[in-house]
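# Overview (structure and organization)
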Amino acid sequence: MEYSNLRRQIVFMKKNLFDQGYLDEQFNQLEDLEDESSPNFLEEVVALFFKDSSRLLTNIEQATDKYPQDFYKLDSLVQQLKGSGSSIGALRMKNECSVFKANCNDRNLEGCRRSLQKIKREHATLKQKLESYFQLLRQVGPRDYAVSSRK
């Protein structure tokens, strides 16, 4: 694909991630930390997020089965996931974690389980979308894509 078309596609894809509420400004702030010494910083941080968040999701799912009435434990695990999501700007995930936490406060196990399913869907969708985004960035090459595509 032609270089300028790739650049346009990257800008469009990123704009859509923001417009659809998947990401917030924290993502841009992380991207701004990339430089010549760490041109893949954002991708590396996001990869670590998905590794850690997958583990947290498994722990939350296990806790809902093993300790269904331990809302303090559930809340604590989801708070970790929410913080992790916030650190990369995963807005939809962060918002759904807030819903889960509200269900914990209400001692609503079924609400927690519904929220967990939504969190898992948001997680999978975001992972797929960001994998596509980073794939395009790799095609363009390091620092050549340093275009401002702020909302």
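Refer to the structure printed above.
Because the structure is a prediction, the values reported are computed rather than measured. (Residues numbered from 1 in each chain as written. Predicted model: local features only at pLDDT ≥ 70, side-chain atom pairs only at ≥ 80, totals over all residues. Heavy atoms only, no water.)

A word on the overall build of the chain. A count of helical and extended segments in the chain gives six helices and zero strands. Listed N to C, the secondary structure of the chain is α-α-α-α-α-α in terms of helices and strands. For the chain, buried positions account for 39% of its 151 residues. Taking the contacts inside the chain whose residues are at least 6 apart along the sequence as the reference set, 68% of them involve residues at least 24 apart. On the chain, roughly 8200 Å² of surface is accessible, and the fraction owed to carbon and sulfur atoms is 49%. (Helix = DSSP H or I, 4+ residues; strand = E, 2+ residues; numbered from the N terminus. Buried < 20%, exposed > 50% of the residue type's maximum accessible area, 1.4 Å probe, protein only. Contact = heavy atoms within 4.5 Å. Areas by Shrake-Rupley, 256 points an atom, 1.4 Å probe, with all protein chains shown as cover.)

Here helix 3 (residues 41-66) spans 37 Å end to end across 26 residues, near enough to the 38 Å set by a 1.5 Å rise per residue. The complete set of buried residues in helix 3 reads Leu42, Val46, Phe49, Phe50, Ser53, Leu56, Leu57, Ile60, Ala63 and Thr64. (Expected span 1.5 Å × (residues − 1).)

Turning our attention to the packing of helix 3 against helix 6 (residues 109-140). Packing of helix 3 against helix 6 brings their axes to within 11 Å, and their N-to-C directions diverge by 160°. It follows that helix 3 is roughly antiparallel to helix 6 by the angle criterion. The interaxial crossing formed by helix 3 with helix 6 has left-handed handedness. Residues Leu42, Glu43, Val46, Phe50, Ser53, Ser54, Leu57, Ile60, Glu61, Thr64 and Asp65 of helix 3 form the contact with helix 6, whose participating residues are Leu109, Arg113, Leu116, Gln117, Ile119, Lys120, His123, Leu126, Lys127, Leu130, Phe134 and Arg138. Residues of the contact of helix 3 with helix 6, tallied by class, amount to eleven nonpolar, five polar and seven charged. (Axes fitted to C-alpha atoms, helices over the stretch in contact; angles between N-to-C directions. Parallel < 35°, antiparallel > 145°, perpendicular 65-115°, else oblique. Left-handed = near helix turned anticlockwise from the far one by under 90°. Nonpolar A, V, L, I, M, F, W, Y, C, P; charged D, E, K, R; others polar.)

Another point: unusual backbone geometry. Most peptide bonds take the trans configuration, and most residues that are not glycine carry a negative phi. Located in the positive-phi region is arginine 107, a residue other than glycine, with phi close to 55°. For arginine 107, the position within the fold is in the loop between helix 5 (91-105) and helix 6. Judged by its relative accessible area of 53%, arginine 107 falls in the exposed class.

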